[in-house]
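Chains, contacts and geometry: an overview
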Amino acid sequence: MSARKHTALPKAQILIEALPWLTRHNGKTVVVKFGGNAMVDEELKAAFAQDVVFLRHAGLKPVVVHGGGPQISAQLDKQGLVSEFKAGLRVTTPEAMDVVRMVLAGQVQRELVNLLNQHGPLAVGMTGEDAHTISATRHRPLVDGEAVDIGRVGQITEIDTGAIEALLDDGRIPVVSSIARSADTDDPAGVYNVNADTAAAALAAALGAETLMVLTDVEGLYEDWPHSDEVISRLTASELEKLLPELSSGMVPKMEGCLHAVRNGVNTARVIDGRVQHSILLEIFTDEGIGTMVVPDAAGGSANGSAHRTANKGGRA
């Protein structure tokens, strides 16, 4: 009997440690941007699905947003279409847009929905086209001060959360592909490829989410990369805004998304290492937390007045 008690005790302690976080997040919406290695590694994909389902059963309302850069590039190669990038964005011709739509909605999304639904009839796939969830106009980024045409790449103009909220109210897990309907008056039937980090942030803000979580292939935001691998554990919106010009191009849309989210009603935005199995649970339900957390300026010493927690590299709230 004593041996059984001994082996069970650590499990009980882990569950009890999660209790304040379960209480705090109960009933809250969490938007998770799925990307990086977690999208292509089979074990990480399975762990991600387990984490999202756990959130749902723990009383949270998870919404998953995904892109699919590597899968899109692979399919374009198969079809003999060149992948070209300008201003860090994929030049999306009408032919490439057909591939983007097929890969995101017909391949990546379906696989993720199936993984989630191995745990019950929970996940429902959709794109930003459905029920006018995401509307966008043609995005023309500046290169050397000149606006350039990069094809069917969209800039989000409007979010309609009605369909997502209906799914959440029904206990479902929406899985959203980052494709938008055209809001251009001269192209009402068109669709646009939108950056998945940007889409996740816009949805988190529109839903009034508690948290935006962005999975990446790094530990978080580094303090002085490449000279140091110290991760900034926590920073305010204003502190992040000052750092943006110094960031690598890959981190810019992620951190701009975090900034947009916390400046538009989301309590915390977190960039976490998707290469770590169960990183979502580690971030939400443990005292240590991992990755980088962004909080609104008004949060001051601790996010939204929440209990303080200490991370391995700096204070976390």
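Report follows, based on the coordinates. A quick note: this is a predicted structure, and the numbers were derived from the prediction, not measured.

1. Section: the sheet that holds strand 14 (residues 234-236)
- Here 8 strands make up an open sheet; going across it, the order is 5-10-2-1-13-15-16-14 and the pairing mixed. Strand pairing shows two members of the sheet lacking a second neighbour, strand 5 (123-127) and strand 14, which therefore form its edges. The mean inter-strand angle of the sheet, taken between neighbouring strand axes irrespective of direction, is 20°.
- Bridging between strand 13 (residues 211-216) and strand 15 (residues 268-273) involves 6 bridges; their strand directions are parallel. Residue pairing across strands places Thr216 opposite Asp273, the latter belonging to strand 15.
- Against the sheet, helix 2 (residues 42-57) makes contact with strand 1 (29-34), strand 2 (61-66), strand 10 (173-177) and strand 13, and its axis sits at roughly 150° relative to strand 2, the strand it touches most.
- Sheet strands touched by helix 6 (residues 196-207): strand 1, strand 2, strand 10 and strand 13. Its angle to strand 1, the strand with the most contacts, is close to 175°.

2. Re the nonpolar core
- Counting 42 residues, the largest nonpolar core has Phe34, Phe48, Val64, Leu116, Leu215, Ile280 and Phe285 as the members making the most contacts within it.
- Among the elements of the structure, helix 1 (2-25), strand 1, helix 2, helix 3 (69-78), helix 4 (94-117), strand 10, strand 13 and helix 9 (279-285) are those that each provide at least two residues to this core.
- Here this core takes 11 residues from helix 4, the largest share from any one element.
- Residues in contact with Leu116, not counting those within four places in the same chain, are Ala49, Val52, Val53, Ala123, Ile173 and Val175.

3. What to know about the side chain of Asp184
- Residue placement: Asp184 occurs in the loop between strand 11 (179-182) and strand 12 (191-193).
- The charged side chain of Asp184 is buried without a salt bridge, its nearest counter-charge being Arg138 at 5.1 Å.
- Separated by 2.4 Å, the side chains of Asp184 and Tyr192 make a polar contact.
- Residues contacting Asp184, with those up to four places away along its chain left out, are Ala136, Thr137, Arg138 and Tyr192.

What counts, and where the lines are drawn
- Residues numbered from 1 in each chain as written.
- Predicted model: local features only at pLDDT ≥ 70, side-chain atom pairs only at ≥ 80, totals over all residues.
- Heavy atoms only, no water.
- Pairing = 2+ DSSP bridges.
- Helix = DSSP H or I, 4+ residues; strand = E, 2+ residues; numbered from the N terminus.
- Axes fitted to C-alpha atoms, helices over the stretch in contact; angles between N-to-C directions.
- Contact = heavy atoms within 4.5 Å.
- Core = buried A, V, L, I, M, F, W, Y, C linked by side-chain atoms within 4.5 Å.
- Buried < 20%, exposed > 50% of the residue type's maximum accessible area, 1.4 Å probe, protein only.
- Lys, Arg positive; Asp, Glu negative; His and termini not counted.
- Salt bridge = Lys/Arg side-chain N within 4 Å of Asp/Glu carboxyl O.
- Polar contact = N/O pair within 3.5 Å; in protein donor to acceptor, adjacent residues only side chain to side chain.

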